[in-house]
Amino acid sequence: MRSHYCGDLRKEHVGEEVTLSGWVHRRRDHGGVIFLDVRDREGLTQVVFDPDREESFALADSVRNEYVIELRGLVRNRPEGTVNADMPTGEIEVLGKDLVILNKSETPPFQLDEHQHVGEDVRLRHRYIDLRRPEMQEKLRFRSKVTNAIRNYLDDNGFLDIETPILNRATPEGARDYLVPSRVHEGAFFALPQSPQLFKQLLMVAGFDRYYQVAKCFRDEDLRADRQPEFTQIDIETSFMDEEGIMGITENMIRKLFLELKGIDLGEFPRMPFSEAMQRFGSDKPDLRYPMELVDVADLMAEIEFKVFAGPANDPKSRVTALKVPGGAQLTRKNIDDYTKFVSIYGAKGLAWIKVNEIENGIEGLQSPIIKFLGEDVTMAIMERLGAQNGDIVFFGADKAKIVSEALGALRIKVGEDLDMAQCEWAPLWVVDFPMFEETDNGGLTALHHPFTAPSCSPEELKANPLEALSRAYDMVLNGCELGGGSVRIHDQEMQATVLEILGISDEEADDKFGFLLNALKYGAPPHGGLAFGLDRLIMLMTGTDSIREVIAFPKTQSASCMMTEAPGQVSAAQLRELNIKLRKKEQ
């Protein structure tokens, strides 16, 4: 039905007779001559029908946007003065001879070139129309190239593509599971995998040495712009390789990907301990494009009478931090009020500030309602520590360490974006030396990553001081987004038992939840580790897209629903009876 794709025709095809198939992107009637812009996956070609061929001309006159057509014609040069340099096919056109309408189309819910004026709900409801847009097709083509390049790289490095089960049992991985009731096993449920974590470790125990998978994963969690309930993960695991080797081989993969597909050399990735990332940037995935850093000033605030600062300054679990914004004195009071509202999202009770107008005039050259509470000595000591200059603004956070780090860390990015302060386009980073555990609100301990992450100490040292222990985990960060994370895994029974004991997981609970992995460790498990990349997030970054939904063919909304298929939906009473499920009405 075609000899060429529409977007492939060039000057070298002049004089050839071609057959094209595609959609009518646009129809124009110019003084008795009809122009059709015909579109397929590869692009657009202009086709001209003149009245000399009455039948095909009449058909061309009847077509409308999004009709599906097949045509035969002669490729020729465009007349002088009509060349379109913005189109790859802009030097030629096709003189139409024969035309067949393969299918008609109703008027689409939106014009493809006017999508920016249409709500996302309309686009998602008619996603098959939205995906016809050249921008969307280009993003999904790019996604395919990335996936193919990753497969080729891993294949060339000895990794085997092995699938793991989708229907499994629930395992503790941090988020809620999507559950699937079993018809055969009454009252029992499968869980969709949040990741192939346990199975890829079992593959290492089985001796496959190097594994990868482009895996579908599922998490029932609150959504945001870079999260979906079902997402795609590049899952990698390898035996007899330490963290240096794993980070090296995966860093090379990402660098090669950017160089080949984007023409960008990311260079060597710097490394930063988790503690330093949190102290300097308030985040375990810092965006290094922005030059601002958090500076602790608790020691300068400890003796003042102003309890808003003095209280946290004398609390070992709290933090008093300053964020200097170069040139930020231009911010208006409304801007500051907006930022105050922004940090409240993270639990901050307010946002103190000092504008630096004339630093050479001491405290008289500063502007802020809090200076009178700090006093001259403390205020000028803070300015000196920060290296404040005329035109700067300094923001302060004083609260529990987690609140201050999250609030000012997010504010740093927000202000950096608003004031266009990025110093480079790409800023990759490895974050390493994560804590093994963190405290829960009730005083217990939980694994910062998962309970199968290996610590960097012995079982005895881990048991003696669990909160000081570091894990052998690592995260790859790009522009403030976590591209991927992984760790060296526990392959030793004694170490695994110690970690589970510290987490308060009994032998019975451990056996019930992941006894199959614990049993496997008894039979000669090799040292192993791995890493998983979020493919959707990687494509979002590489294409410069704001939302992960723009790089997934059929995404869910932020309420975890599909507007096109209206999923999730109701099921029949008969299906529920087969599954021995009875729905309970929600109490009013």
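What this report covers is the structure whose coordinates are included nearby. Remember, it's a predicted structure, so these values are computed and weren't measured experimentally. (Residues numbered from 1 in each chain as written. Predicted model: local features only at pLDDT ≥ 70, side-chain atom pairs only at ≥ 80, totals over all residues. Heavy atoms only, no water.)

1. Quick look at the overall build of the protein chain
As a reminder of what qualifies: Here a strand is any run of E in DSSP of at least two residues, a helix any run of H or I of at least four, and the numbering for each starts at the N terminus. Buried, partly exposed and exposed residues are distinguished by accessible area as a fraction of the type maximum, computed with a 1.4 Å probe on protein chains only: under 20%, between the cut-offs, and over 50%, respectively. Surface accessibility in these figures is a Shrake-Rupley result with a 1.4 Å probe; residues are shielded only by whichever protein chains are displayed. His is not counted, nor are the chain ends; Lys and Arg add positive charge and Asp and Glu add negative charge. Charge placement uses NZ in Lys and CZ in Arg. For Asp and Glu, CG and CD serve respectively.
A tally of regular secondary structure across the protein chain gives 18 helices and 22 strands. Along the longest, intermediate and shortest principal axes, the C-alpha atoms of the protein chain span 95 × 75 × 60 Å. By residue count, 47% of the 588 residues in the protein chain fall in the buried class. Carbon together with sulfur atoms contributes 48% to the accessible area of the protein chain, which is approximately 29600 Å² in total. Taken together, the 69 basic and 97 acidic charged side chains of the protein chain have centroids lying 5 Å from each other.

2. Focus: the pattern of salt bridges
So the rule is basically this: Any Lys or Arg side-chain nitrogen located within 4 Å of an Asp or Glu carboxyl oxygen qualifies as a salt bridge.
The tally for this structure, following the rule as stated, stands at 46 salt bridges. Residue D37 is joined to R28 by a salt bridge in which the shortest nitrogen-to-oxygen separation is 2.9 Å. Since its relative accessible area comes to 21%, R28 is described here as partly exposed. In this structure, K139 and E550 form a salt bridge, with 3.8 Å as the shortest nitrogen-oxygen distance. Linking K139 in helix α4 (residues 134-156) with E550 in the loop between α17 (535-542) and α18 (573-578), this pair joins segments that are 411 residues apart in sequence. Taking the relative accessible area as the measure of exposure, K139 reaches 17% and is therefore buried. A network of salt bridges, in which partner residues are shared, links R123, R127, D130, R133, E135, K139 and E550.

3. Section: the sheet that holds strand β1 (residues 17-30)
Selection rule: Between any two strands, at least two bridges found by DSSP are needed for them to pair. Only the stretch in contact is used when fitting a helix axis, every axis being a line fitted to C-alpha atoms; angles between N-to-C directions are given from 0 to 180 degrees. Working rule for contacts: check all heavy atoms of both residues, and any pair within 4.5 Å makes them a contact.
Strand order in the closed barrel formed by five strands is β1-β2-β3-β5-β4, and the pairing between neighbours is mixed. Each adjacent strand pair in this sheet contributes to an overall mean axis angle of 55°, direction not counted. Of the pairings in the sheet, the one linking strand β3 (residues 43-49) to strand β5 (residues 92-103) comprises two bridges and is parallel in character. Bridging from a neighbouring strand, V48 pairs with L95 of β5. With respect to the sheet, helix α1 (residues 54-62) is in contact with β1, β2 (33-40), β3 and β5, its orientation differing from that of β5 by roughly 75°.

4. What to know about the nonpolar core
What tends to happen in soluble globular proteins is that the nonpolar side chains get buried as a cluster. Rule in force here: To define a nonpolar core, start from buried Ala, Val, Leu, Ile, Met, Phe, Trp, Tyr and Cys residues and group those joined through side-chain atoms within 4.5 Å.
Core analysis: the largest hydrophobic core is formed by 40 residues, its most contacted members being V146, L154, I254, F258, F533 and L538. Breaking this core down by element, the ones donating at least two residues are α4, β10 (230-239), α6 (243-262), β17 (428-432), β20 (473-478), β21 (481-488), β22 (528-534) and α17. Ranked by residue count, the leading element in this core is α6, at seven residues. The residues touching L154, leaving out its near neighbours within four places in the chain, are F159, Y212, I234, I236 and M253. In this structure, F309, A310, L386 and A388 belong to the second largest nonpolar core, which totals 25 residues.

5. Thoughts on the side chain of D475
Here D475 lies in strand β20. The side chain of D475 sits in the buried core without any salt bridge; K285 is the nearest counter-charge, 7.9 Å away. Beyond its immediate chain neighbours, meaning those up to four positions away, D475 contacts L429, W430, V431, F434, H449, E482, G484, G485 and G486.

6. Digging into the state of the cysteines
Each disulfide consists of one covalent bond between the sulfur atoms belonging to two cysteines. What counts here: Disulfides are defined as pairs of cysteine sulfur atoms found within 2.5 Å of each other.
Across all of its chains, the model carries zero disulfides by this definition. C562 forms no disulfide, and the closest cysteine sulfur to it belongs to C217, at a distance of 19 Å.

7. Brief notes about α4
The condition is simple: The span you would expect from a helix comes to 1.5 Å times its residue count less one.
If you check α4, its first and last C-alpha atoms are 32 Å apart, about what 23 residues at 1.5 Å a residue would give, namely 33 Å. The complete set of buried residues in α4 reads M136, K139, F142, R143, V146, T147, A149, I150, Y153 and L154. Where the residues of α4 are buried, they touch α2 (120-125), α3 (127-130), β9 (210-218), β10, α6 and α17. Where α4 ends, the next residue or the one after it, G158, has phi of about 85°, a positive value.

8. Things to note about the packing of α4 against α6
Here is the rule: In what follows, roughly perpendicular refers to angles from 65 to 115 degrees, roughly parallel to angles under 35, roughly antiparallel to angles over 145, and oblique to any angle outside these ranges. Working rule for handedness: look at the near helix, and if it is turned counterclockwise from the far one by less than a right angle, call the crossing left-handed; if clockwise, right-handed. When residue character is reported, Ala, Val, Leu, Ile, Met, Phe, Trp, Tyr, Cys and Pro are called nonpolar, Asp, Glu, Lys and Arg charged, and the others, Gly included, polar.
Interaxial distance between α4 and α6 falls to 10 Å at its minimum, and their mutual angle equals 140°. Relative to α6, the element α4 is oriented oblique. The handedness of the crossing between α4 and α6 is right-handed. Residues F142, K145, V146, A149, I150, Y153 and L154 of α4 form the contact with α6, whose own contacting residues are I249, N252, M253, K256, L257, L261 and K262. Tallied by class, the residues present in the contact of α4 with α6 amount to ten nonpolar, one polar and three charged.

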